[in-house]
Amino acid sequence: MGAPPKKKRHHYVPQFVLRNFSPDGRSGSTFVLETGELHANASVRGQCAKDYFYGRDPDMENAFAESETKVAATLRQVASGDLSTFVGEYRTREFPDSTAELDVLRAHPLYALREYGFYQTHRTAASAESIEDEFDAEMKRLFRKNPWFREKSPEAYKWLDHIIIKPTGTMGHILYTAGPLSFAMLDMTVKFLVADKPSFILSDHPVMLRNQYAELNPSGPGALGMLARGLQMFMPVSPTMTIAIYDGDIYECGADDKVIVKLSARNAQVLNAMQVRNANECIFLHPDATVDHDELRRTWQNRPEILPPPHLRCFQIHDRTTEEARSKFGDMTSFPIRSLALATAVEDLAAVMDWRVKEAVITRGLPVAPEWKEWLDSIEDPRKPPMSHGRR
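What you see is a predicted model, and the numbers here were worked out from it, not measured in a lab.

1. Here's the deal with empty space enclosed by the protein
Within the structure shown, the criterion is met by two cavities of 30 Å³ or more. In this structure, the largest cavity spans a volume of roughly 80 Å³. Forming the boundary of the largest cavity are Leu18, Phe21, Ser22, Gly28, Ser29, Thr30, Ala42, Ser43, Val44, Gln47, Phe284 and Leu285. Mapped by element, the contributors of at least two residues to the lining of the largest cavity are β2 (27-32), β3 (37-43) and β12 (282-285).

2. Side note on the environment of Gly254
Tracing the sequence through the fold places Gly254 in the loop between β10 (251-252) and β11 (260-262). For Gly254, a relative accessible area of 46% gives the class partly exposed. Along the chain, Gly254 and Cys314 lie 60 residues apart, while their C-alpha atoms are 7.2 Å from each other. The contacts of Gly254, once residues within four sequence positions are left out, are Lys191, Val261 and Cys314.

3. Describing the nonpolar core
Core analysis: the largest hydrophobic core is formed by 47 residues, its most contacted members being Leu75, Phe192 and Ile243. Among the elements that take part in this core, helix α2 (residues 59-80) stands out by supplying five residues, more than any other. Discounting chain neighbours no more than four positions away, the residues touching Leu75 are Phe16, Leu113, Phe192, Val237, Met241 and Ile243. Residues Cys253, Leu263, Ala268 and Met274 belong to the second largest nonpolar core, which totals 20 residues.

4. Regarding the packing of aromatic side chains
Counted according to the given criterion, the structure contains 13 aromatic pairs. Look at Phe149 and Tyr157: their rings are 6.4 Å apart centre to centre, the planes differ by 55°, and that puts the pair in the tilted class. Assessed through its relative accessible area of 21%, Tyr157 is described here as partly exposed. Between Tyr246 and Tyr251, the aromatic rings sit 6.4 Å apart at their centres with planes inclined by 70°, giving edge-to-face as the arrangement. Each member of the pair, Tyr246 as well as Tyr251, is classed as buried. Among the aromatic residues, ring-to-ring pairing joins Tyr12, Phe53, Tyr54, Phe64, Phe118 and Tyr119 into one connected group. Directly above the aromatic system of Tyr52 lies the positively charged group of Arg56, at a separation of 4.0 Å from the ring centroid. The aromatic ring of Phe64 is capped on one face by Arg123, whose charged end is 4.1 Å from the ring centroid.

5. So, the pairing of strand β8 (residues 232-238)
Of all the seven residues making up β8, seven are buried; the element is thus mostly covered by neighbouring parts of the structure. Where β8 lies against strand β9 (residues 241-247), six bridges are found, and the strand directions are antiparallel. Bridge pairing links Met235 to Ile243 in β9.

6. A short note on the sheet that holds strand β6 (residues 202-203)
Judged by pairing direction, the sheet is antiparallel, and its four strands sit side by side in the order β3-β2-β12-β6 without closing on themselves. Strands at the two margins of the open sheet, each flanked by one partner only, are β3 and β6. In this structure, β6 lies alongside β12, joined through two bridges in antiparallel fashion. Bridge pairing in β12 places Leu202 opposite Phe284. Running at roughly 50° to β2, helix α11 (residues 293-301) makes contact with β2, β3 and β12 of the sheet.

7. A few points about the packing of helix α10 (residues 265-278) against α11
Their axes nearest at 8 Å, the elements α10 and α11 cross at an angle of 55°. With respect to each other, α10 and α11 are oriented oblique. Remark: the crossing between α10 and α11 carries right-handed chirality. Counted together, Ala273, Val276 and Arg277 of α10 and Leu296, Thr299 and Trp300 of α11 form the full contact between these two elements. Tallied by class, residues from the contact of α10 with α11 come to four nonpolar, one polar and one charged.

8. A closer look at the sheet that holds β11
Sheet architecture is open: five strands sit in the order β7-β8-β9-β5-β11, paired in mixed fashion. Unpaired on one side and paired on the other, β7 (208-210) and β11 mark the two borders of the sheet. Put simply, the sheet's adjacent strands are angled 30° from each other on average, direction ignored. As judged from the three bridges shared by β7 and β8, these two strands associate in the antiparallel manner. Residue pairing in the sheet places Met208 in a bridge with Phe234 of β8.

Reading the values: rules and limits
- Residues numbered from 1 in each chain as written.
- Predicted model: local features only at pLDDT ≥ 70, side-chain atom pairs only at ≥ 80, totals over all residues.
- Heavy atoms only, no water.
- 1 Å grid on protein atoms, 1.4 Å probe; cavity = no way out; pocket = protein on both sides within 12 Å on 5 of 7 lines; lining within 4 Å.
- Points joined across faces, edges and corners; volume = space filled by probe spheres on them.
- Helix = DSSP H or I, 4+ residues; strand = E, 2+ residues; numbered from the N terminus.
- Buried < 20%, exposed > 50% of the residue type's maximum accessible area, 1.4 Å probe, protein only.
- Contact = heavy atoms within 4.5 Å.
- Core = buried A, V, L, I, M, F, W, Y, C linked by side-chain atoms within 4.5 Å.
- Phe/Tyr/Trp six-rings, centres within 6.5 Å; stacked < 30°, edge-to-face > 60°.
- Lys NZ or Arg CZ within 6 Å of the ring centre and 35° of its normal.
- Pairing = 2+ DSSP bridges.
- Axes fitted to C-alpha atoms, helices over the stretch in contact; angles between N-to-C directions.
- Parallel < 35°, antiparallel > 145°, perpendicular 65-115°, else oblique.
- Left-handed = near helix turned anticlockwise from the far one by under 90°.
- Nonpolar A, V, L, I, M, F, W, Y, C, P; charged D, E, K, R; others polar.

In C-alpha coordinates form, the structure reads like this:
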(Lines give C-alpha, C1' and ligand atoms only; values in the text may rest on other atoms or scores of the structure.)
Protein backbone atom coordinates (compact mmCIF):
# COMPACT_ATOMS: atom_id res chain seq x y z
CA MET A 1 0.00 0.00 0.00
CA GLY A 2 1.18 3.51 -0.78
CA ALA A 3 1.69 6.20 1.80
CA PRO A 4 -1.41 8.26 2.68
CA PRO A 5 -1.66 11.77 1.16
CA LYS A 6 0.21 14.44 3.08
CA LYS A 7 -2.78 16.78 3.00
CA LYS A 8 -5.32 15.03 5.18
CA ARG A 9 -7.33 18.03 6.36
CA HIS A 10 -9.26 19.57 3.46
CA HIS A 11 -10.84 23.02 3.86
CA TYR A 12 -14.05 23.63 1.94
CA VAL A 13 -13.88 27.35 2.73
CA PRO A 14 -10.32 28.56 2.05
CA GLN A 15 -8.15 29.38 5.03
CA PHE A 16 -7.01 32.65 3.47
CA VAL A 17 -10.64 33.86 3.52
CA LEU A 18 -11.24 32.64 7.07
CA ARG A 19 -8.09 34.47 8.21
CA ASN A 20 -9.45 37.72 6.83
CA PHE A 21 -12.24 37.49 9.42
CA SER A 22 -9.77 36.90 12.24
CA PRO A 23 -8.08 39.79 14.08
CA ASP A 24 -4.75 37.94 14.25
CA GLY A 25 -5.06 35.51 11.32
CA ARG A 26 -5.06 32.50 13.66
CA SER A 27 -8.34 32.50 15.58
CA GLY A 28 -11.62 34.36 15.55
CA SER A 29 -15.28 34.40 16.54
CA THR A 30 -17.44 31.51 15.34
CA PHE A 31 -21.19 31.75 15.95
CA VAL A 32 -23.02 28.40 15.94
CA LEU A 33 -26.49 29.06 14.60
CA GLU A 34 -28.20 25.94 15.93
CA THR A 35 -27.25 26.51 19.57
CA GLY A 36 -26.57 30.25 19.65
CA GLU A 37 -23.09 29.63 21.10
CA LEU A 38 -20.31 32.13 20.34
CA HIS A 39 -16.78 30.72 20.35
CA ALA A 40 -14.59 33.80 20.61
CA ASN A 41 -11.23 32.11 19.98
CA ALA A 42 -11.95 29.34 17.51
CA SER A 43 -8.92 28.23 15.52
CA VAL A 44 -9.04 29.15 11.83
CA ARG A 45 -7.28 25.89 11.01
CA GLY A 46 -10.12 23.86 12.48
CA GLN A 47 -13.01 25.65 10.73
CA CYS A 48 -14.77 24.41 7.58
CA ALA A 49 -12.53 21.39 7.22
CA LYS A 50 -12.92 17.61 7.09
CA ASP A 51 -10.47 14.75 6.66
CA TYR A 52 -10.12 13.72 3.01
CA PHE A 53 -13.22 15.71 2.08
CA TYR A 54 -12.19 15.66 -1.61
CA GLY A 55 -10.96 12.05 -1.42
CA ARG A 56 -7.58 10.48 -0.81
CA ASP A 57 -6.30 11.39 -4.25
CA PRO A 58 -4.53 14.73 -3.63
CA ASP A 59 -5.16 16.15 -7.12
CA MET A 60 -8.40 17.95 -6.23
CA GLU A 61 -7.03 19.51 -3.04
CA ASN A 62 -3.85 20.56 -4.86
CA ALA A 63 -5.88 22.15 -7.66
CA PHE A 64 -7.90 24.18 -5.17
CA ALA A 65 -4.71 25.24 -3.36
CA GLU A 66 -3.24 26.51 -6.65
CA SER A 67 -6.44 28.41 -7.51
CA GLU A 68 -6.66 29.93 -4.03
CA THR A 69 -3.08 31.19 -4.27
CA LYS A 70 -3.97 33.13 -7.44
CA VAL A 71 -7.19 34.51 -5.96
CA ALA A 72 -5.47 35.60 -2.73
CA ALA A 73 -2.82 37.46 -4.76
CA THR A 74 -5.54 39.22 -6.78
CA LEU A 75 -7.39 40.28 -3.61
CA ARG A 76 -4.17 41.66 -2.11
CA GLN A 77 -3.66 43.62 -5.30
CA VAL A 78 -7.17 45.10 -5.10
CA ALA A 79 -6.70 45.97 -1.43
CA SER A 80 -3.50 47.83 -2.26
CA GLY A 81 -5.29 49.86 -4.95
CA ASP A 82 -3.20 48.44 -7.79
CA LEU A 83 -5.61 47.77 -10.66
CA SER A 84 -3.02 48.00 -13.42
CA THR A 85 -3.40 44.38 -14.53
CA PHE A 86 -7.20 44.53 -14.65
CA VAL A 87 -7.34 46.12 -18.10
CA GLY A 88 -8.42 44.11 -21.13
CA GLU A 89 -11.21 41.66 -21.81
CA TYR A 90 -12.02 38.77 -19.51
CA ARG A 91 -15.65 38.09 -20.52
CA THR A 92 -17.07 37.19 -23.91
CA ARG A 93 -20.50 36.87 -25.52
CA GLU A 94 -19.15 34.55 -28.20
CA PHE A 95 -17.31 31.34 -27.47
CA PRO A 96 -13.57 31.59 -28.30
CA ASP A 97 -12.66 30.16 -31.70
CA SER A 98 -9.27 28.93 -30.57
CA THR A 99 -7.25 27.89 -27.56
CA ALA A 100 -5.14 31.02 -28.02
CA GLU A 101 -8.20 33.26 -27.61
CA LEU A 102 -9.25 31.36 -24.50
CA ASP A 103 -5.73 31.66 -23.08
CA VAL A 104 -5.97 35.46 -23.38
CA LEU A 105 -9.14 35.43 -21.27
CA ARG A 106 -7.57 33.04 -18.76
CA ALA A 107 -4.59 35.34 -18.27
CA HIS A 108 -6.83 38.08 -16.86
CA PRO A 109 -6.92 38.04 -13.01
CA LEU A 110 -10.71 38.33 -12.95
CA TYR A 111 -11.02 35.06 -14.90
CA ALA A 112 -9.57 33.13 -11.95
CA LEU A 113 -12.00 34.87 -9.59
CA ARG A 114 -14.99 33.72 -11.62
CA GLU A 115 -13.71 30.15 -11.73
CA TYR A 116 -13.06 30.26 -7.99
CA GLY A 117 -16.62 31.45 -7.39
CA PHE A 118 -18.04 28.66 -9.56
CA TYR A 119 -16.24 25.87 -7.70
CA GLN A 120 -16.77 27.44 -4.26
CA THR A 121 -20.50 27.20 -4.93
CA HIS A 122 -20.23 23.42 -5.21
CA ARG A 123 -17.41 22.40 -2.87
CA THR A 124 -18.89 22.90 0.63
CA ALA A 125 -20.28 20.49 3.22
CA ALA A 126 -23.73 22.00 2.64
CA SER A 127 -23.54 21.03 -1.05
CA ALA A 128 -22.52 17.49 -0.16
CA GLU A 129 -25.31 17.14 2.41
CA SER A 130 -27.88 18.39 -0.09
CA ILE A 131 -26.84 15.79 -2.67
CA GLU A 132 -26.76 13.06 -0.04
CA ASP A 133 -30.28 13.95 1.12
CA GLU A 134 -31.53 13.78 -2.46
CA PHE A 135 -29.76 10.45 -3.00
CA ASP A 136 -31.25 9.01 0.20
CA ALA A 137 -34.79 10.09 -0.74
CA GLU A 138 -34.52 8.81 -4.32
CA MET A 139 -33.09 5.42 -3.32
CA LYS A 140 -35.84 4.91 -0.75
CA ARG A 141 -38.45 5.88 -3.33
CA LEU A 142 -37.06 3.26 -5.74
CA PHE A 143 -36.90 0.57 -3.07
CA ARG A 144 -40.51 1.23 -2.07
CA LYS A 145 -41.63 0.87 -5.70
CA ASN A 146 -39.77 -2.42 -6.11
CA PRO A 147 -42.05 -5.39 -5.24
CA TRP A 148 -39.08 -7.78 -5.36
CA PHE A 149 -37.30 -5.83 -2.58
CA ARG A 150 -40.42 -5.83 -0.42
CA GLU A 151 -40.90 -9.56 -0.91
CA LYS A 152 -37.29 -10.67 -0.47
CA SER A 153 -36.28 -8.21 2.27
CA PRO A 154 -39.38 -7.45 4.36
CA GLU A 155 -37.33 -6.42 7.41
CA ALA A 156 -35.16 -4.03 5.40
CA TYR A 157 -38.31 -2.60 3.79
CA LYS A 158 -39.83 -2.08 7.23
CA TRP A 159 -36.81 -0.13 8.47
CA LEU A 160 -36.27 2.08 5.41
CA ASP A 161 -37.39 5.22 7.26
CA HIS A 162 -34.93 4.52 10.07
CA ILE A 163 -31.75 4.29 8.01
CA ILE A 164 -29.75 6.64 5.81
CA ILE A 165 -28.63 5.49 2.38
CA LYS A 166 -25.46 7.41 1.66
CA PRO A 167 -23.28 7.37 -1.47
CA THR A 168 -19.49 7.17 -1.26
CA GLY A 169 -17.24 9.91 -2.62
CA THR A 170 -20.02 12.49 -2.72
CA MET A 171 -17.81 15.52 -3.27
CA GLY A 172 -15.87 13.81 -6.03
CA HIS A 173 -19.13 13.11 -7.87
CA ILE A 174 -20.32 16.71 -7.38
CA LEU A 175 -17.14 18.28 -8.74
CA TYR A 176 -16.82 15.76 -11.57
CA THR A 177 -20.36 16.59 -12.68
CA ALA A 178 -19.99 20.36 -12.21
CA GLY A 179 -16.57 20.66 -13.86
CA PRO A 180 -17.73 20.58 -17.52
CA LEU A 181 -20.13 23.47 -16.76
CA SER A 182 -17.42 25.86 -15.57
CA PHE A 183 -17.59 27.51 -19.00
CA ALA A 184 -20.82 29.09 -17.70
CA MET A 185 -18.69 31.82 -16.14
CA LEU A 186 -17.26 33.01 -19.47
CA ASP A 187 -19.71 35.87 -19.96
CA MET A 188 -20.09 36.96 -16.32
CA THR A 189 -18.97 40.38 -15.03
CA VAL A 190 -16.91 40.78 -11.83
CA LYS A 191 -17.02 43.70 -9.39
CA PHE A 192 -15.63 44.23 -5.88
CA LEU A 193 -18.26 45.57 -3.48
CA VAL A 194 -16.39 47.51 -0.81
CA ALA A 195 -17.64 48.86 2.54
CA ASP A 196 -16.04 51.80 4.35
CA LYS A 197 -15.70 49.82 7.60
CA PRO A 198 -15.84 46.12 8.63
CA SER A 199 -19.41 45.15 7.79
CA PHE A 200 -19.59 41.74 6.14
CA ILE A 201 -20.01 38.35 7.77
CA LEU A 202 -18.93 34.95 6.41
CA SER A 203 -20.69 31.59 6.57
CA ASP A 204 -19.65 27.98 6.02
CA HIS A 205 -21.54 28.03 2.68
CA PRO A 206 -20.39 31.45 1.48
CA VAL A 207 -21.46 31.81 -2.17
CA MET A 208 -24.93 33.32 -2.38
CA LEU A 209 -26.97 32.93 -5.57
CA ARG A 210 -29.66 35.38 -6.49
CA ASN A 211 -31.54 36.61 -9.56
CA GLN A 212 -33.22 39.96 -8.93
CA TYR A 213 -34.25 40.06 -12.57
CA ALA A 214 -36.15 36.77 -12.21
CA GLU A 215 -37.68 37.88 -8.92
CA LEU A 216 -39.63 40.54 -10.82
CA ASN A 217 -41.46 37.78 -12.66
CA PRO A 218 -44.73 36.55 -11.06
CA SER A 219 -43.42 32.97 -11.17
CA GLY A 220 -41.13 33.77 -8.24
CA PRO A 221 -37.42 33.92 -7.41
CA GLY A 222 -36.22 31.06 -9.58
CA ALA A 223 -33.60 30.91 -12.32
CA LEU A 224 -30.54 30.23 -10.18
CA GLY A 225 -28.88 27.84 -12.61
CA MET A 226 -25.35 28.66 -13.76
CA LEU A 227 -26.57 29.35 -17.31
CA ALA A 228 -29.57 31.47 -16.30
CA ARG A 229 -29.96 35.00 -17.55
CA GLY A 230 -29.91 37.47 -14.65
CA LEU A 231 -27.83 35.24 -12.35
CA GLN A 232 -25.94 36.96 -9.50
CA MET A 233 -23.30 35.41 -7.22
CA PHE A 234 -21.88 37.04 -4.08
CA MET A 235 -18.88 35.93 -2.01
CA PRO A 236 -17.63 37.79 1.06
CA VAL A 237 -13.83 37.56 1.17
CA SER A 238 -13.11 40.02 4.00
CA PRO A 239 -15.10 42.15 6.45
CA THR A 240 -14.88 45.03 3.96
CA MET A 241 -15.10 43.27 0.58
CA THR A 242 -17.57 41.03 -1.24
CA ILE A 243 -16.97 39.74 -4.77
CA ALA A 244 -19.96 40.07 -7.11
CA ILE A 245 -20.15 37.88 -10.22
CA TYR A 246 -23.19 38.67 -12.32
CA ASP A 247 -24.85 38.88 -15.72
CA GLY A 248 -23.47 42.14 -17.07
CA ASP A 249 -26.01 42.22 -19.89
CA ILE A 250 -28.85 42.53 -17.38
CA TYR A 251 -27.47 44.62 -14.52
CA GLU A 252 -25.55 47.83 -14.09
CA CYS A 253 -23.44 48.03 -10.94
CA GLY A 254 -21.32 51.15 -10.81
CA ALA A 255 -19.52 52.47 -13.88
CA ASP A 256 -18.74 49.93 -16.59
CA ASP A 257 -15.04 50.84 -16.52
CA LYS A 258 -14.68 50.47 -12.74
CA VAL A 259 -14.21 47.18 -10.89
CA ILE A 260 -14.63 48.64 -7.38
CA VAL A 261 -18.07 49.74 -6.17
CA LYS A 262 -18.52 51.54 -2.85
CA LEU A 263 -21.37 49.93 -0.93
CA SER A 264 -23.86 51.63 1.37
CA ALA A 265 -24.55 50.35 4.91
CA ARG A 266 -28.03 49.34 3.78
CA ASN A 267 -26.72 47.16 0.93
CA ALA A 268 -24.15 45.60 3.27
CA GLN A 269 -27.01 44.61 5.59
CA VAL A 270 -28.87 43.01 2.70
CA LEU A 271 -25.80 40.95 1.80
CA ASN A 272 -25.44 39.85 5.42
CA ALA A 273 -29.09 38.78 5.52
CA MET A 274 -28.47 36.69 2.41
CA GLN A 275 -25.32 35.20 3.94
CA VAL A 276 -27.15 34.10 7.09
CA ARG A 277 -29.92 32.43 5.08
CA ASN A 278 -27.27 30.61 3.04
CA ALA A 279 -25.36 29.32 6.08
CA ASN A 280 -25.26 25.65 6.93
CA GLU A 281 -24.15 25.71 10.58
CA CYS A 282 -21.82 28.61 11.39
CA ILE A 283 -21.15 32.31 10.90
CA PHE A 284 -17.65 33.81 11.20
CA LEU A 285 -17.45 37.34 12.59
CA HIS A 286 -14.76 39.98 12.69
CA PRO A 287 -14.73 41.73 16.10
CA ASP A 288 -14.98 45.17 14.44
CA ALA A 289 -18.20 44.27 12.59
CA THR A 290 -21.32 45.22 14.53
CA VAL A 291 -23.96 42.47 14.43
CA ASP A 292 -26.90 41.32 16.52
CA HIS A 293 -26.31 37.64 17.31
CA ASP A 294 -29.90 36.98 18.32
CA GLU A 295 -31.18 38.52 15.09
CA LEU A 296 -28.74 36.41 13.06
CA ARG A 297 -30.03 33.26 14.71
CA ARG A 298 -33.70 34.21 14.28
CA THR A 299 -33.13 34.92 10.59
CA TRP A 300 -31.43 31.55 10.11
CA GLN A 301 -34.07 29.60 12.02
CA ASN A 302 -36.96 31.23 10.14
CA ARG A 303 -35.40 31.33 6.68
CA PRO A 304 -37.93 28.98 5.00
CA GLU A 305 -40.86 31.16 6.07
CA ILE A 306 -39.59 34.72 5.69
CA LEU A 307 -39.72 36.73 2.49
CA PRO A 308 -36.61 37.17 0.31
CA PRO A 309 -34.28 39.99 1.42
CA PRO A 310 -34.79 43.41 -0.18
CA HIS A 311 -33.15 44.04 -3.52
CA LEU A 312 -29.59 45.32 -3.63
CA ARG A 313 -30.01 48.87 -4.87
CA CYS A 314 -26.49 48.94 -6.29
CA PHE A 315 -27.76 46.57 -9.01
CA GLN A 316 -29.99 48.34 -11.49
CA ILE A 317 -31.71 46.31 -14.19
CA HIS A 318 -30.73 47.56 -17.62
CA ASP A 319 -31.19 44.82 -20.20
CA ARG A 320 -28.44 45.02 -22.81
CA THR A 321 -28.97 41.61 -24.34
CA THR A 322 -27.90 41.56 -27.99
CA GLU A 323 -30.53 41.38 -30.72
CA GLU A 324 -28.84 38.22 -32.00
CA ALA A 325 -29.38 36.51 -28.66
CA ARG A 326 -32.97 37.74 -28.49
CA SER A 327 -33.77 36.38 -31.93
CA LYS A 328 -32.29 33.00 -30.98
CA PHE A 329 -33.84 32.63 -27.53
CA GLY A 330 -37.08 34.62 -27.68
CA ASP A 331 -38.65 36.61 -24.84
CA MET A 332 -37.33 36.72 -21.29
CA THR A 333 -40.26 35.22 -19.40
CA SER A 334 -38.75 31.72 -19.59
CA PHE A 335 -35.27 32.93 -18.52
CA PRO A 336 -33.21 31.19 -21.21
CA ILE A 337 -29.45 30.81 -21.50
CA ARG A 338 -27.64 34.14 -21.12
CA SER A 339 -25.64 34.40 -24.32
CA LEU A 340 -24.60 32.88 -27.62
CA ALA A 341 -21.24 32.00 -26.04
CA LEU A 342 -22.96 29.66 -23.62
CA ALA A 343 -25.29 28.30 -26.28
CA THR A 344 -22.30 27.39 -28.45
CA ALA A 345 -20.53 25.76 -25.51
CA VAL A 346 -23.65 23.75 -24.68
CA GLU A 347 -23.81 22.56 -28.29
CA ASP A 348 -20.17 21.47 -28.13
CA LEU A 349 -20.69 19.71 -24.79
CA ALA A 350 -23.79 17.99 -26.15
CA ALA A 351 -21.80 16.85 -29.19
CA VAL A 352 -19.13 15.34 -26.93
CA MET A 353 -21.73 13.54 -24.81
CA ASP A 354 -23.48 12.21 -27.92
CA TRP A 355 -20.17 10.91 -29.23
CA ARG A 356 -19.45 9.12 -25.94
CA VAL A 357 -22.73 7.26 -26.33
CA LYS A 358 -21.88 6.29 -29.90
CA GLU A 359 -18.34 5.31 -28.92
CA ALA A 360 -19.69 3.01 -26.19
CA VAL A 361 -22.09 1.40 -28.67
CA ILE A 362 -19.28 0.80 -31.19
CA THR A 363 -16.55 -0.40 -28.82
CA ARG A 364 -18.81 -2.65 -26.77
CA GLY A 365 -20.76 -4.01 -29.73
CA LEU A 366 -24.08 -3.06 -28.16
CA PRO A 367 -27.31 -3.75 -30.10
CA VAL A 368 -29.05 -0.67 -31.51
CA ALA A 369 -32.81 -0.32 -31.87
CA PRO A 370 -33.92 0.73 -35.40
CA GLU A 371 -35.36 4.03 -34.15
CA TRP A 372 -31.93 4.97 -32.70
CA LYS A 373 -29.77 3.95 -35.67
CA GLU A 374 -30.43 7.09 -37.74
CA TRP A 375 -29.52 9.30 -34.77
CA LEU A 376 -26.28 7.39 -34.12
CA ASP A 377 -25.30 7.56 -37.79
CA SER A 378 -25.66 11.36 -37.70
CA ILE A 379 -23.17 11.82 -34.82
CA GLU A 380 -19.70 12.96 -35.83
CA ASP A 381 -16.62 12.72 -33.62
CA PRO A 382 -16.32 16.23 -32.03
CA ARG A 383 -12.59 15.70 -31.59
CA LYS A 384 -12.19 16.02 -35.36
CA PRO A 385 -13.18 19.08 -37.46
CA PRO A 386 -15.70 20.26 -38.34
CA MET A 387 -17.23 20.81 -34.90
CA SER A 388 -20.97 20.66 -34.34
CA HIS A 389 -21.31 24.42 -34.81
CA GLY A 390 -19.30 24.54 -38.02
CA ARG A 391 -15.99 26.04 -36.77
CA ARG A 392 -12.58 24.55 -37.50
